[in-house]
Amino acid sequence: MSPASTGKAVKKVQPPMPAVDEAQIDFETIELLFFAYRDFVSDPDAILARIDMGRAHHRVVYFVCRQPGMMVTDLLDTLEITKQSLARVLKQLIDLGYIRQMAGAKDRRQRRLYPTLAGRELALALSEPQSRRIAHAMEDFTPEMRQTIKRFLERMRGRDEAVAIAIAEHDFDDSGDL
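Residues numbered from 1 in each chain as written. Predicted model: local features only at pLDDT ≥ 70, side-chain atom pairs only at ≥ 80, totals over all residues. Heavy atoms only, no water.

Describe the overall build of the protein chain, naming the residues involved and giving the relevant values.
Each helix and strand in the protein chain was counted, giving seven helices and three strands. Tracing the protein chain from N to C terminus, the helices and strands come up as α-α-β-α-α-β-β-α-α-α. Considering only intrachain contacts with a sequence separation of at least 6, the fraction spanning at least 24 residues in the protein chain is 55%. Accessible area of the protein chain: about 13,800 Å², with a carbon and sulfur share of 56%. (Helix = DSSP H or I, 4+ residues; strand = E, 2+ residues; numbered from the N terminus. Contact = heavy atoms within 4.5 Å. Areas by Shrake-Rupley, 256 points an atom, 1.4 Å probe, with all protein chains shown as cover.)

Encoded structure:
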């Protein structure tokens, strides 16, 4: 008899977490980033909801429009997702006429992605309100202040090796949760 069929809740043993000095955590900036991201994606989310799409569609259309002719493998690397994760979304975008997939000119095994006119229009419609938000947020900023923000965002990118090491020290269950 499985634990789920007994009606009893199975208590999952959580792995130990590293000791953290709460005073060292910048909660204010973390919250600002959470809320800024929430609002930054809200406008495109509303547009996507009207056409039964989501953020995954947005990311694919965005990067294909920014780099027409990119290979599927490059898109997988850019988004840091698996083939399975991309397959459904890409198929929908192709079937709906937002993206077209073509074999490479030199290597027919390559799958290159191009936006259609509809795909380009969608990408622009999704990016415009985000660009407007950015412009509004930085309207009184000097060029130096704008550059500082860009440097900050560039430095936020990528995996923090200290975090990666701490996570690697713990085992994951089948769901990918710690």
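Structure shown, so let's carry the discussion forward.
Give me the lowdown on the pattern of salt bridges, citing residues and values where you can.
Per the counting criterion, the structure on display carries five salt bridges. Asp-43 is paired through a salt bridge with Arg-133; the nearest N and O atoms lie 2.9 Å apart. One end of the pair, Asp-43, is in helix α1 (residues 27-50); the other, Arg-133, is in helix α5 (residues 117-137), and 90 residues separate them in sequence. The partly exposed category is assigned to Asp-43, whose relative accessible area is 26%. The class for Arg-133 is partly exposed, based on a relative accessible area of 34%. (Salt bridge = Lys/Arg side-chain N within 4 Å of Asp/Glu carboxyl O. Buried < 20%, exposed > 50% of the residue type's maximum accessible area, 1.4 Å probe, protein only.)

Account for the confidence of the model for the protein chain, with residues named and values stated.
Averaged over the protein chain, the pLDDT score is 88; the fraction of residues at 70 or greater is 86%. Put simply, helix α7 (residues 161-168) is where the protein chain has its lowest mean pLDDT, 60, and α5 is where it has its highest, 98. Low confidence marks residues 170-178, where pLDDT is under 50. Its contacts with residues over four positions away, or in another chain, come to 15 contacts. (pLDDT = per-residue confidence, 0-100.)

Residues and numbers for the packing of helix α3 (residues 72-79) against helix α4 (residues 83-95), please.
Angle between the axes and distance between the axes are the two parameters that describe a pair of packed helices. Relative to each other, α3 and α4 sit at 115 degrees, their axes nearing to 10 Å. Regarding the angle of α3 to α4, the classification is roughly perpendicular. Relative to α4, α3 is oriented so that their crossing is right-handed. Where α3 approaches α4, its residues Val-72, Leu-75 and Leu-76 are matched on the opposing element by Lys-83, Leu-86 and Leu-90. Of the residues contributing to the contact of α3 with α4, the split by class is five nonpolar, no polar and one charged. (Axes fitted to C-alpha atoms, helices over the stretch in contact; angles between N-to-C directions. Parallel < 35°, antiparallel > 145°, perpendicular 65-115°, else oblique. Left-handed = near helix turned anticlockwise from the far one by under 90°. Nonpolar A, V, L, I, M, F, W, Y, C, P; charged D, E, K, R; others polar.)

I'd like a description of the environment of Leu-93, backed by residues and values.
Tracing the backbone shows Leu-93 in helix α4. Residue Leu-93 is classed as buried on the basis of its relative accessible area of 0%. In this structure, the C-alpha to C-alpha distance between Leu-93 and Val-60, residues 33 residues apart in sequence, is 8.7 Å. Excluding anything up to four places from it in sequence, Leu-93 contacts Met-53, His-57, Val-60, Val-61, Tyr-98 and Ile-99.

Let's hear about a nonpolar patch on the surface: which residues, and what values?
The grouping of Val-20, Ile-25, Phe-27, Ile-30, Phe-34 and Phe-35 at the surface amounts to a nonpolar patch, some 580 Å² of accessible area in total. Its place among the elements puts Phe-35 in helix α1. (Patch = residues over 30% accessible without salt bridge, like charges linked within 9 Å, V, L, I, M, F, W, Y side chains within 5 Å.)

I'd like to hear about the packing of aromatic side chains, residue by residue, with values.
The tally for this structure, following the rule as stated, stands at one aromatic pair. Ring geometry for Tyr-62 against Phe-63: centres 5.0 Å apart, planes inclined by 85 degrees, an arrangement best described as edge-to-face. Relative accessible area serves as the criterion here: at 31%, Tyr-62 is assigned to the partly exposed category. (Phe/Tyr/Trp six-rings, centres within 6.5 Å; stacked < 30°, edge-to-face > 60°.)

Can you break down the sheet that holds strand β2 (residues 99-103) residue by residue, with the values?
Pairing within the open sheet is antiparallel, and its three strands lie in the order β1-β3-β2. Bordering the open sheet on either side are β1 (70-71) and β2, each of which pairs with just one other strand. Where β1 meets strand β3 (residues 111-115), two bridges bridge the pair, whose relative direction is antiparallel. Bridged to Met-70 within β3 is Leu-113. (Pairing = 2+ DSSP bridges.)

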